[in-house]
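Single-letter residue listing:
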Amino acid sequence: MPGIDKLPIEETLEDSPQTRSLLGVFEEDADAISSYSHQLFQAMQRIYDAQNELSAATHLTSKLLKEYEKQRFPLGSDDEVMSSTLQQFAKVIDELSSCNAVLSTQLADAMMFPITQFKERDLKEILTLKEVFQIASNDHDTAINRYSRLSKRRDNEKVRNEVMEDVYTSRKKQHQTMMHYFTALNTLQYKKKIALLEPLLGYMQAQISFFKLGSENLTQQWEEFLLNIGTSVQNVRREMDTEVDVMQQTIQDLEEASDLLYMPDPDPIKIPINRNLTRKAGYLNIRNKTGLVSSSWDRQYFFTQGGNMMSQARGDVAGGLVMDIDNCSVMAVDCEDRRFCFQITAFDGKKVVILQAESRKDCEEWIATINNISKRIYLSENPEEIAARVNQSALDAVTPSPSFQQRHESLRPAPQSRPKASRTSSSGSVGSESPALSTLSLDALVAPDTPIQFDIISPVSEEYAGQAKSTGPAGRTNPFGESGDTESEESEDSILHQLYIVHFLGSMEVKSTESPDVIYETMRHILASRAIHNIFRMTESHLLVTCDSLKLIDPQTQVTRLRFPLPSVVLCATHQENKRLFGFLLQTAGGRGNGRPISVCYVLESNNEGEKICDSVGLAKQIAFHSEMDRRASEKQKELVKAKEKQQEELSKQKQIEKDLEEQSRLIAASTRPNPAGGDGQFLVLSNSQSEDSDAGEEVRKKGESEA
């Protein structure tokens, strides 16, 4: 017989909408089997109850068997062998419909017992498991919703442990119930064949043994057919027993392997985070705005498909598009009422989606997967291998991971006039001067009469300001070296894209770029000025760190407010106590009339630790440095090749000149003939070289005589 369709027991823990849809098909098939077997049972019951109606009952049975191929079984509509077998049985029953007496005992034992057992035991078991599974599924959904609503601000360890234990128990119960339910539905596909064939086989054997039907040819013909059917039934039974053993072993293995996965927030040490994924699927909570300040969370099944983020609710046949995640930005965010949240921003900045994962591991894997898809790694032949190589390259570049400021201090020779200071060991604040700074004055670090810029000048306003300067009187030169012209965007294939949420505190021109004390003093000066002038507004921006530049991007419009070429960033450091404050020094060329470069210090506040941002800047400079070294090596190799080619050309020209000189000498020698000088008027012909030599000798002789 053909293969049996089965439900995948391995996917019961994931419980995806596709699995639920497939389960619905099997449940519909079970209902159809139940309906059909009930009709068959009633037909056989009529045979058993009334011998006088035996002919009519066998005719009805034959009719039902003929209608088997018209039944719309979702999983057995293409079983042609089964249909043809039942058609043959219907033909035999039609031939035996003239028989009016049947032994009730034989019919009860051979015909009614198998179909009754299938109806009363197997089908009722399916209905019971279905109800138990529905209850377990509802309990699991209730536990998950309660776990998702755990407050971040009012964290109660007792309540959290109770909720997590409830999730563990309900998830385990749902998983075990679902596996047994799937096993029962898979087994039903075998029992269906047995329940349909075995009663018919018993009925036919009872009829043959009781009536001794037909002639020897007819009896021999149908005995051989029935023998083949009996062998087929035994084969199906053995196949069912084997499959049941395999499914039971699978259930046992999955229960042992899935014990750690029942916990909503597993230990990342036991289950490591995979950052090399280019495809991922699972349940997430999505935040939907219901008003100006109110929002709701909906739990849906999300999955990636190419460069798209898709979602699918239970009961849906297919998923729907959430957003395009090619060239998008993703980062973890802090939500007031939820944990493990991350935000996806489309490449044009017009759509922002906030999602919540079940665990920290799941959240980090989603962020890593979306980052890999955003870089279009999934378009390559081996996406996971390329993602692993890119992540390993980034990991090697920051191992060990000193900050950019520490690397700067390690390369800078320490002055002999003061001891070497370390940023992390300093106990002073920005408001109090450090011992290293006590010997320096403010004028030695910050340019005198330097204005402080407390807000970011947008490109549009700077463009209008430039037009006003061109038409109006001459004004002060912008000390920050920024312009409203559109900068060339960095290449999309940059392997480093780090996005941080920052607040712009201010910037001002400085004199020195040799020490992080300049950044500390600028922080103190800007914070003091904000306090004196009651300036509390801070512009929120997204700081994008790439291998080419640093960008401050408007989070609403995604317009680049400021762009700093990475080679111009000479130093980056964090506050000595408040690690959320950080600053960097930018050195621009040709800002003044004398051509001297201008140094500007920018001070910002981040939502995370500033040390991470400094590490990202340092990593970007390392990657850019190695890229520049590779480019220079390539150019040097090209120059060497060109020099070698030029040298070959010079040697070729020299050989050609020597060849021409030899040819000229040979022609001169051939044209020169000796003529004896005498009184007969003959003379000697001199060549050009000989005449030149004689003239030179005459001049030397005359010069010697004049000197004497």
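Residues numbered from 1 in each chain as written. Predicted model: local features only at pLDDT ≥ 70, side-chain atom pairs only at ≥ 80, totals over all residues. Heavy atoms only, no water.

Peer 1: Help me understand the overall build of the protein chain in this model?
Peer 2: In terms of helices and strands, the protein chain carries 15 helices and 14 strands. Split into buried and exposed, the 708 residues of the protein chain put 41% on the buried side. Intrachain contacts of the protein chain at a sequence separation of at least 6 include 69% that bridge at least 24 residues. Per element, the accessible surface of the protein chain, about 39700 Å² overall, is 50% carbon and sulfur. (Helix = DSSP H or I, 4+ residues; strand = E, 2+ residues; numbered from the N terminus. Buried < 20%, exposed > 50% of the residue type's maximum accessible area, 1.4 Å probe, protein only. Contact = heavy atoms within 4.5 Å. Areas by Shrake-Rupley, 256 points an atom, 1.4 Å probe, with all protein chains shown as cover.)

Peer 1: I'm lost on the environment of Ile 194 in this one. Help?
Peer 2: Among the structural elements, Ile 194 can be located in helix H5 (residues 157–211). When its relative accessible area of 7% is taken as the criterion, Ile 194 is described as buried. Along the chain, Ile 194 and Phe 118 lie 76 residues apart, while their C-alpha atoms are 9.0 Å from each other. Not counting residues within four places of it along the chain, the set of residues in contact with Ile 194 comprises Pro 199, Val 236, Arg 237 and Met 240.

Peer 1: Even after reading the chapter, I still don't get the environment of Asp 141, so can you show me in this structure?
Peer 2: Relative to the elements of secondary structure, Asp 141 occurs in helix H4 (residues 104–148). For Asp 141, a relative accessible area of 21% corresponds to the partly exposed category. Taking the C-alpha atoms as reference points, Asp 141 and Arg 299, 158 residues apart in sequence, are found 9.7 Å from one another. Discounting residues that sit within four places of it in the chain, Asp 141 has contacts with Arg 299 and Arg 314.

Peer 1: How should I be thinking about the sheet that holds strand E13 (residues 581–588) in this particular structure?
Peer 2: What links the strands of a sheet is backbone hydrogen bonding, and the strands pair in either a parallel or an antiparallel sense. Taking strand neighbours across the sheet as the criterion, the seven strands line up as E11-E10-E9-E8-E14-E13-E12 in an open arrangement whose pairing is antiparallel. Strands with a single pairing partner mark the edges of an open sheet, and in this sheet they are strand E11 (560–565) and strand E12 (569–574). Across the sheet, the mean angle from the axis of one strand to that of its neighbour is 30°, orientation sign disregarded. Judged from the five bridges that link them, strand E10 (residues 549–553) and E11 form a sheet pairing that is antiparallel. Paired with Leu 552 across the two strands is Leu 562, which belongs to E11. With respect to the sheet, helix H14 (residues 610–671) is in contact with strand E8 (498–510), strand E9 (539–545), E10, E12, E13 and strand E14 (598–606), its orientation differing from that of E12 by roughly 155°. (Pairing = 2+ DSSP bridges. Axes fitted to C-alpha atoms, helices over the stretch in contact; angles between N-to-C directions.)

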